[in-house]
Amino acid sequence: MDDFKFNIEKSFGFLSETKSGWKTELNLVSWSERPAKFDLRPWAPEHDKMGKGITLTREELLKLREILDNMDLSGQD
């Protein structure tokens, strides 16, 4: 099996952190030497392991931003 390749080109920040140090991060990641996409997933402290997440194109991220901007989150837990 081929080695799985990825490159975190830019980090935008993290949403949460577990006691073990894993952080759910929003990054710009190139997977298998393809053009980078926006990626939201948990990462181990050394970025050598990752959890399941979602990868979005710029257009999908902009659409998600529009949806979030229009959501009424008052009273939500």
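Read on for a plain summary of the structure. (Residues numbered from 1 in each chain as written. Predicted model: local features only at pLDDT ≥ 70, side-chain atom pairs only at ≥ 80, totals over all residues. Heavy atoms only, no water.)

Brief notes about the overall build of the chain
Here comes step 1: Check the secondary structure of the chain and you find one helix and four strands.
Here comes step 2: What you see in the chain, going N to C, is helices and strands ordered as β-β-β-β-α.
Here comes step 3: A compact globule built from 77 residues should have a C-alpha radius of gyration of about 11 Å, whereas the chain, at 14 Å, is more than 25% larger.
Here comes step 4: In terms of principal-axis extent, the alpha carbons of the chain reach across some 45 × 35 × 20 Å.
Here comes step 5: Buried residues in the chain amount to 17% of all 77 residues.
Here comes step 6: Considering only contacts in the chain between residues 6 or more positions apart, those separated by 24 or more positions represent 20%.
Here comes step 7: Entry remark: accessible area of the chain is about 6,400 Å², with carbon and sulfur atoms responsible for 51%.
Here comes step 8: Side chains of the chain give 12 positive and 15 negative charges; the mean places of these two sets differ by 1 Å. (Helix = DSSP H or I, 4+ residues; strand = E, 2+ residues; numbered from the N terminus. Rg over C-alpha atoms; globule rule 2.2 N^0.38 Å. Buried < 20%, exposed > 50% of the residue type's maximum accessible area, 1.4 Å probe, protein only. Contact = heavy atoms within 4.5 Å. Areas by Shrake-Rupley, 256 points an atom, 1.4 Å probe, with all protein chains shown as cover. Lys, Arg positive; Asp, Glu negative; His and termini not counted. Charge placed at Lys NZ, Arg CZ, Asp CG, Glu CD.)

Brief notes about the sheet that holds strand 1 (residues 6-17)
Here comes step 1: An order of 1-2-3-4 is seen for the four strands of this open sheet, with the pairing classed as antiparallel. Unpaired on one side and paired on the other, strand 1 and strand 4 (54-56) mark the two borders of the sheet. Strand after strand, the sheet turns through a mean of 25 degrees between neighbouring axes, direction not considered.
Here comes step 2: With nine bridges connecting them, strand 1 and strand 2 (residues 23-31) associate as antiparallel partners. Residue pairing in the sheet places K10 in a bridge with L28 of strand 2.
Here comes step 3: Its contacts with the sheet put helix 1 (residues 58-69) on strand 3 (37-43) and strand 4, and the angle it makes with strand 4 is roughly 105 degrees. (Pairing = 2+ DSSP bridges. Axes fitted to C-alpha atoms, helices over the stretch in contact; angles between N-to-C directions.)

With respect to the environment of L15
Here comes step 1: Take L15: it is sitting in strand 1.
Here comes step 2: Here L15 falls in the exposed class, since its relative accessible area comes to 60%.
Here comes step 3: For L15, the contacting residues outside a window of four places in its chain are T24 and L40.

So, the pattern of salt bridges
Here comes step 1: Per the counting criterion, the structure on display carries three salt bridges.
Here comes step 2: Of the charged contacts, one joins E33 and K5 as a salt bridge, the two residues approaching to 3.6 Å between their closest N and O atoms. Pair noted here: E33 is in the loop between strand 2 and strand 3 and K5 is in the segment before strand 1, with a separation of 28 residues, a long-range link.
Here comes step 3: Across the pair K63 and E66 runs a salt bridge whose closest N-O atoms are separated by 3.6 Å. Of this pair, K63 and E66 both sit in helix 1, separated by three residues, roughly a single helical turn.
Here comes step 4: Accessibility expressed as a relative area gives 45% for K63, which makes it partly exposed.
Here comes step 5: Judged by relative accessible area, E66 falls into the partly exposed class, the value being 42%. (Salt bridge = Lys/Arg side-chain N within 4 Å of Asp/Glu carboxyl O.)

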